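Topology and contacts: notes
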Amino acid sequence: MVSILERLEQEPYGALSAHSEAKEISIEEVTQKVREKMLEHHADLIIEARMSRDKRREVVTLISNVIISSDLYVPRLTRQDLAERIAQEICGLGPLDELLDDERVTEIMVNGPHEVFVERDGVLEATSVKFQNDRHLLDIINRIVQSAGRRVDISIPYVDARLPDGSRVNAIIPPLSLNGPVLTIRRFPRRYTELSQLVGVNTLEPEVADFLRNCVENRLDMVVSGGSGSGKTTTLNVLANAASPNERIIVIEDSAEIKIPGHHVVYLEARPKNMEGKGEVSIRDLLRNALRMRPDRLVIGECRGKETFDLISAMNTGHEGCLSTVHANSAADCLERMVGMALMAEEGVPVDILRSWIGIGVDVIVHVEKDFGGHRVVSGVSLVGNKPGEGLTHFHVYRRGHGLRLDFPSWFVEKIGERRCNSLAKGASR
Ligand SMILES: Nc1ncnc2c1ncn2[C@@H]1O[C@H](COP(=O)(O)OP(=O)(O)O)[C@@H](O)[C@H]1O
Ligand SMILES: [Mg+2]
């Protein structure tokens with residue numbers, strides 16, 4: 001049996017109030033009035049409710065009370081629906097909520113208020129989600145970055161932030177962006193941590209997984225190369241996880257993504273400049289500090305600047321088993337980029353010397369790619385070294401579709417030694 005009270009609750013709110021003095025106003029106006037009242041009395045709860053569904057329910061109840069006590073109504077909406085919509089507006093992330101509720105969405109790309117794309121199950125697709133206008137979108141952006149203690153406005157027109165749940169957010173607004181405010185959210189993914197999982201999703205062929213495990217166990221210095229979103233960080237994480245649990249690993253990143261459970265790990269995260277342009281701690285600063293922390297193995301999330309020089313130096317001064325990533329289109333491109341980035345740091349070092357240091361330091365490049373269907377694959381593995389008379393070079397030991405070669409070139413055998421070369425092939429020859 002439905003009680004009269006419950007029936008009234010479900011009646012369109014307009015009908016319920018038709019006999020009272022209640023004013024009929026637009027949903028935007030009601031929202032504005034309720035927002036003011038809620039912020040006055042429950043500001044903290046509202047910030048909490050952005051992250052928590054339980055708090056969101058508390059907010060809905062409070063809003064319902066405000067609607068009653070202020071005698072507001074909107075035609076054709078029950079009070080419950082109205083309260084939920086207002087709650088979504090003031091403490092939710094507006095139109096983004098439905099995308100964030102979908103587990104399969106890993107990336108959200110908002111190109112101005114009327115164009116929202118997502119990556120769902122690895123495939124880029126347009127959505128019908130829209131914001132009212134630039135102002136509405138900007139308001140949501142600030143709500144998101146607020147939970148990381150940041151904001152965007154005309155004086156700071158772009159921001160890069162990590163949310164409490166690990167997601168990464170970037171926003172850039174006019175006049176720098178010509179589309180209106182642009183927002184990119186990369187959600188914290190459930191990471192693969194084991195080589196075998198990458199074999200399971202057909203990213204890695206089984207014999208390549210064995211080969212890469214041997215490379216890690218033999219403490220080779222390895223770089224993962226690939227385009228953005230191709231799976232570099234994931235592959236790096238999986239490689240780091242293949243290290244022995246007895247090693248002391250120091251992980252250095254711009255924004256913390258890597259997790260190596262069950263290992264002895266120190267995680268360091270760089271810090272951007274503050275609003276006065278001070279207080280920056282770069283990857284390079286952290287890397288130099290890490291060398292004094294007795295690392296057995298250094299893991300640098302990504303080399304994209306001067307830190308490349310320090311990583312190469314570390315690799316050349318007996319720090320074995322370093323792991324990092326470089327944004328590049330191929331193994332050859334990766335090496336060229338490393339030369340370029342290292343040169344930015346130390347222009348005094350002749351380029352030939354730098355090249356030979358890279359040849360001595362880097363042992364293996366693992367190249368990853370994302371194909372058109374969104375499927376990630378390890379498409380190639382290259383051995384790196386200095387070839388007599390030729391200098392810095394690489395050799396494709398694996399190309400997807402062409403199998404693994406175990407006839408390593410002599411310059412590589414000389415570089416890492418016959419014993420280690422033999423153990424690289426262990427289990428990998430099928
Ligand atoms: N092998 C894989 N199979 C399926 N999805 C993957 C794979 N590797 C990474 N991903 C997904 O692709 C996205 C980008 O991966 P990430 O490793 O961060 O790439 P990058 O560091 O190259 O930008 C993430 O959402 C991640 O979960
Ligand atoms: Mg990455």
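See above for the structure.
As the structure is a computational prediction, the values presented were derived from the model and not from experiment.

1. Brief notes about the pattern of salt bridges
All chains considered together, the criterion is met by 27 salt bridges. Residue D310 is joined to R284 by a salt bridge in which the shortest nitrogen-to-oxygen separation is 2.5 Å. Of this pair, D310 sits in helix α12 (residues 307-316) while R284 sits in helix α11 (residues 283-290), and the two are 26 residues apart along the sequence. Comparing D310 with R284, the two get one shared label, buried.

2. Focus on the site of ligand 1
The environment of ligand 1 is formed by 16 residues, the closest being T203, G229, K232, T233 and T234. Within the contact set of ligand 1, an oxygen atom lies 3.2 Å away from a backbone nitrogen or oxygen of S230. In the environment of ligand 1, an oxygen atom lies 2.6 Å from a nitrogen or oxygen atom belonging to the side chain of T234. Burial of ligand 1 by the protein chains amounts to 88% of its free accessible area of 560 Å². It is helix α10 (residues 232-241) that contributes the most residues to the shell around ligand 1, 3 residues altogether. Tallied by class, residues from the shell around ligand 1 come to 3 nonpolar, 9 polar and 4 charged.

3. What to know about the packing of α11 against α12
Contact geometry of α11 with α12 gives a least axis separation of 8 Å together with a crossing angle of 20°. On the basis of the axis angle, α11 is roughly parallel to α12. Regarding α11 and α12, the two cross each other, and that crossing is left-handed. For the pair α11 and α12, contact is made by I283, R284, L287 and R288 and by E307, F309, D310 and L311, respectively. Residue composition of the contact of α11 with α12, grouped by class: 4 nonpolar, no polar and 4 charged.

Rules used throughout
Residues numbered from 1 in each chain as written. Chains lettered and ligands numbered in written order. Predicted model: local features only at pLDDT ≥ 70, side-chain atom pairs only at ≥ 80, totals over all residues. Heavy atoms only, no water. Salt bridge = Lys/Arg side-chain N within 4 Å of Asp/Glu carboxyl O. Helix = DSSP H or I, 4+ residues; strand = E, 2+ residues; numbered from the N terminus. Buried < 20%, exposed > 50% of the residue type's maximum accessible area, 1.4 Å probe, protein only. Near = heavy atom within 4 Å. Polar contact = N/O pair within 3.5 Å; in protein donor to acceptor, adjacent residues only side chain to side chain. Areas by Shrake-Rupley, 256 points an atom, 1.4 Å probe, with all protein chains shown as cover. Nonpolar A, V, L, I, M, F, W, Y, C, P; charged D, E, K, R; others polar. Axes fitted to C-alpha atoms, helices over the stretch in contact; angles between N-to-C directions. Parallel < 35°, antiparallel > 145°, perpendicular 65-115°, else oblique. Left-handed = near helix turned anticlockwise from the far one by under 90°. Contact = heavy atoms within 4.5 Å.

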